[in-house]
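# Notes for the structure review
Spelled out, the chains give:
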Amino acid sequence: MKLSCWIIYNGFLPGNKFRDYAEMIQEAAIAHGHEATLYTNSDIVSFLDQEINIISLKNDLLPDYIVYTDKDIYLAKQLELLHIPVFNCAKAIDISDDKIKTYQMLAAKQIPIPRTVFAPKTFGLHVHFDDLFFQSIIEQFGFPLIMKEAFGSFGEQVYFVSNVVELKEQVEKIADRPFMFQQFIETSYGVDLRLQVVGDEVITAMKRTSNTDFRANVTSGGKMETYIPNDAEKALAIRASKAIGADFAGVDLLFGENNERIVCEVNSNAHIRNLYDCTGVNVAPDIIQYIEKRLGEREQ
Ligand SMILES: Nc1ncnc2c1ncn2[C@@H]1O[C@H](COP(=O)(O)OP(=O)(O)O)[C@@H](O)[C@H]1O
Ligand SMILES: [Mg+2]
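Numbering of residues starts from 1 in each chain and follows the order in which that chain's sequence is written. A letter from A marks each chain and a number from 1 marks each ligand, given out in the order of writing. For a predicted model such as this one, the threshold for reporting local features is a pLDDT of at least 70, and the threshold for listing and counting side-chain atom pairs is 80 or more; totals across whole chains, interfaces and linings nevertheless cover every residue. Processing note: side-chain calculations cover all non-hydrogen atoms of the structure and skip hydrogens and water entirely.

### A few points about the packing of helix H3 (residues 90–97) against helix H4 (residues 99–108)
- In this description, a line fitted to the C-alpha atoms serves as the axis of each element, helices being fitted only across the stretch in contact, and the angle between N-to-C directions of two axes falls anywhere from 0 to 180 degrees. Helix and strand labels come from DSSP, where a helix needs a run of H or I of at least four residues and a strand needs a run of E of at least two; each type is numbered from the N terminus. At their nearest, the axes of H3 and H4 sit 5 Å apart, and the two run at 105° to each other. With respect to H4, the element H3 is oriented roughly perpendicular. Along the contact surface, H3 presents Asp94, Ile95, Ser96 and Asp97, while H4 presents Lys99, Lys101, Thr102 and Met105.
- Throughout this entry, Asp, Glu, Lys and Arg are counted as charged residues, while Ala, Val, Leu, Ile, Met, Phe, Trp, Tyr, Cys and Pro are counted as nonpolar. The remaining residues, Gly among them, count as polar. Grouping the constituent residues of the contact of H3 with H4 by class yields two nonpolar, two polar and four charged. Should an angle fall under 35 degrees it is taken as roughly parallel, and over 145 as roughly antiparallel, whereas 65 to 115 is taken as roughly perpendicular and any remaining angle as oblique. Between two residues, a contact is recorded if the distance between any of their heavy atoms is within 4.5 Å.

### Examining the coordination of the magnesium ion (ligand 2)
- Summarising the metal site, the magnesium ion (ligand 2) is bound by the protein donors Asp252 (OD) and Glu265 (OE), whose distances to it range over 2.0 to 2.7 Å. Here Asp252 is found in strand E14 (residues 248–255), whereas its partner Glu265 is found in strand E15 (residues 261–267), with 13 residues between them in sequence. Just as Asp252 is buried, Glu265 falls in that class too. Only nitrogen, oxygen and sulfur atoms count as donors, using a 2.8 Å cut-off from the metal that widens to 3.2 Å for Na, K and Ca. Water is left out, so coordination shells may look unfilled. With a 1.4 Å probe rolled over the protein chains alone, any residue whose accessible area is under 20% of its type maximum counts as buried; one over 50% counts as exposed, and the rest are partly exposed.

### Regarding the UniProt feature "domain: ATP-grasp" (unreviewed entry) in the protein
- UniProt positions are given in the numbering used here, feature names are shortened, and annotations may be inferred rather than shown by experiment. Taking the UniProt record as the reference, the feature "domain: ATP-grasp" (unreviewed entry) is found at residues 103–292.
- Annotated as residues 103–292, this span is 31% helix and 28% strand, and its ends, taken at the C-alpha atoms, are 30 Å apart.

### Quick look at the pattern of salt bridges
- Basic side-chain nitrogens of Lys or Arg form a salt bridge, by our definition, when they fall within 4 Å of a carboxyl oxygen of Asp or Glu. Taken as a whole and assessed by the stated rule, the structure comprises 16 salt bridges.
- Here Asp176 makes a salt bridge to Arg177, at a shortest N to O gap of 3.0 Å.
- Residue Asp192 pairs with Arg208 through a salt bridge whose shortest N-O separation is 2.7 Å. With Asp192 in strand E11 (residues 191–198) and Arg208 in strand E12 (residues 201–209), this pair connects stretches of sequence that are 16 residues apart. The burial state of Asp192 is the same as that of Arg208; both residues are buried.
- Each of Asp192, Arg194, Arg208 and Asp252 takes part in a single network of salt bridges with overlapping partners.

### Structural notes on the site of ligand 1
- Near is defined per residue: the residue qualifies when any heavy atom it owns lies within 4 Å of the molecule or strand. Within the structure, ligand 1 sits among 23 residues, and Lys99, Lys148, Gly155, Asp192 and Glu265 are positioned closest to it.
- Between ligand 1 and the protein, one listed contact pairs an oxygen atom with a side-chain N or O atom of Asp192 at 2.6 Å.
- Think of a polar contact as two N or O atoms within 3.5 Å of one another; within protein, one of them needs to be a possible hydrogen donor and the other a possible acceptor, and neighboring residues in sequence only count if both atoms come from side chains. At 2.9 Å from an oxygen atom of ligand 1 is found a side-chain nitrogen or oxygen belonging to Asn217.
- Reported accessibility uses the Shrake-Rupley method at a 1.4 Å probe radius. Residues are deemed covered only where the shown protein chains occlude them. Compared with its free state, where it exposes 550 Å², ligand 1 has 99% of that area covered by protein.
- A cavity, in this analysis, means grid points on a 1 Å lattice covering only the protein atoms where a 1.4 Å probe fits yet has no way out; a pocket is instead an open set bounded by protein on both sides within 12 Å along at least five of seven lines, and a residue lines either one if it has an atom within 4 Å of a point. To be counted as sitting in a cavity or pocket, a molecule needs more than half of its atoms within 2 Å of that site's grid points. Here ligand 1 is seated within the largest pocket.
- Where the shell around ligand 1 is concerned, the elements lending two or more residues are strand E8 (145–149), strand E10 (179–183), E14 and E15.
- For the shell around ligand 1, the per-class residue count stands at 10 nonpolar, six polar and seven charged.

### A look at helix H2 (residues 73–81)
- The set of residues buried in H2 consists of Leu75, Ala76, Gln78 and Leu79. For H2, the buried positions fall inside an angular range of 160° around the axis, keeping them on one side.
- Where the residues of H2 are buried, they touch strand E1 (4–9), strand E3 (44–48), strand E4 (52–56), strand E5 (65–68), strand E6 (86–87) and H3.
- His83 sits one or two positions beyond H2 and adopts a positive phi of about 65°. Along the arc lie the directions from the helix axis toward the C-beta atoms.

Pasting the structure below:
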C-alpha cells in the first residue's frame with residue numbers, strides 16, 4: 001500500500017527557506033513511492049470541542065504520517081491527538097524550540113553543556129533585578145559571559161557581554177522574555193560543529209568557522225566545510241538528540257578547553273539545505289527511510 005504524508009511548514013515566515021526544506025522532504029518521500037503533499041500551518045483548521053478535529057483546506061484524507069518542519073507546537077499536538085504519527089513529535093519540537101528546556105533535558109542526562117543559569121520569570125512588568133542578583137551572576141561566570149534568549153535562531157538572540165554595564169543593559173532589553181546567562185566557551189570562539197542525526201546515526205556533519213564573530217552561524221558569517229566526526233562526537237550528538245526525544249536533529253557542538261565537546265544546541269528543525277550545499281549529502285532520504293522503518297515497527 002502506498003503511504004501518504006503531509007509535510008507541514010510555516011507559511012508566515014518570510015523567505016523561501018522553510019518551503020525549500022519542505023520541498024526537499026517532499027521530493028525524498030515521492031522518490032520512496034509515497035504520496036506527499038505540502039501544507040502550511042494555516043492550510044489546516046484545528047477545532048476543539050467535545051471532540052478534537054481538523055479540517056484540511058486542501059480536502060485530503062488524513063495521511064499515514066506527517067513530517068513537521070514547523071514550530072507551531074499546538075498544531076503538531078492537535079495532529080498527534082488525532083493519532084497521526086508526527087515527525088519530529090510535538091514534544092521534541094517544543095523542547096528544541098526553547099533553549100532552557102533543551103538545556104534542562106541535556107543536563108538531566110548528564111550531557112556536557114555550557115554552565116547555565118536561567119533568569120526568573122518576570123511577566124515583563126517593572127522588571128528590576130537587584131544588585132545581589134547581578135553579583136551572583138558575575139560571581140558565577142565572570143566576564144565575558146553569554147546571554148541567550150530561550151527562543152531564537154541564526155545566532156540573533158545570543159549576546160556577548162563584556163562588563164557589568166553591558167550586563168545590566170542587556171538584561172533590561174530582554175527581561176520581558178525567557179533568557180539565560182551562560183558560561184562563555186572561549187576555546188570555541190567563532191567555531192562549532194553541526195552533526196546531523198537521524199535515529200541512531202550521524203548522517204553528515206560540517207564545521208562552521210567565523211572570522212568576524214564569536215557566533216559560528218552561517219548567518220553571522222560562518223564558513224562551512226565538511227567535517228568527519230569521530231565516534232565520541234557522533235555518540236554525543238545521538239545522545240543529545242535522544243535526550244530531547246527527537247527522531248532527527250541538527251546538533252551543534254562547541255570545543256571545550258580540554259578539547260572536549262560540549263553541546264550547544266539541539267535543533268529539531270535544522271535546515272538541511274546548508275548541509276547539503278556544504279557536504280553534498282542530502283539528509284531528506286535518510287529521514288524518510290527512518291520514518292518508514294518506524295511506521296513498520298509501530299504496525300507490528
Ligand atoms: N556558551 C557559548 N560559548 C561560546 N560560543 C557560544 C556559546 N553559545 C553559543 N555560542 C555561539 O553562538 C552560536 C549561536 O548560538 P546557539 O545557542 O546555537 O543559538 P542559535 O539558535 O541562534 O543558533 C553558536 O553556534 C556558537 O558559535
Ligand atoms: Mg545554533
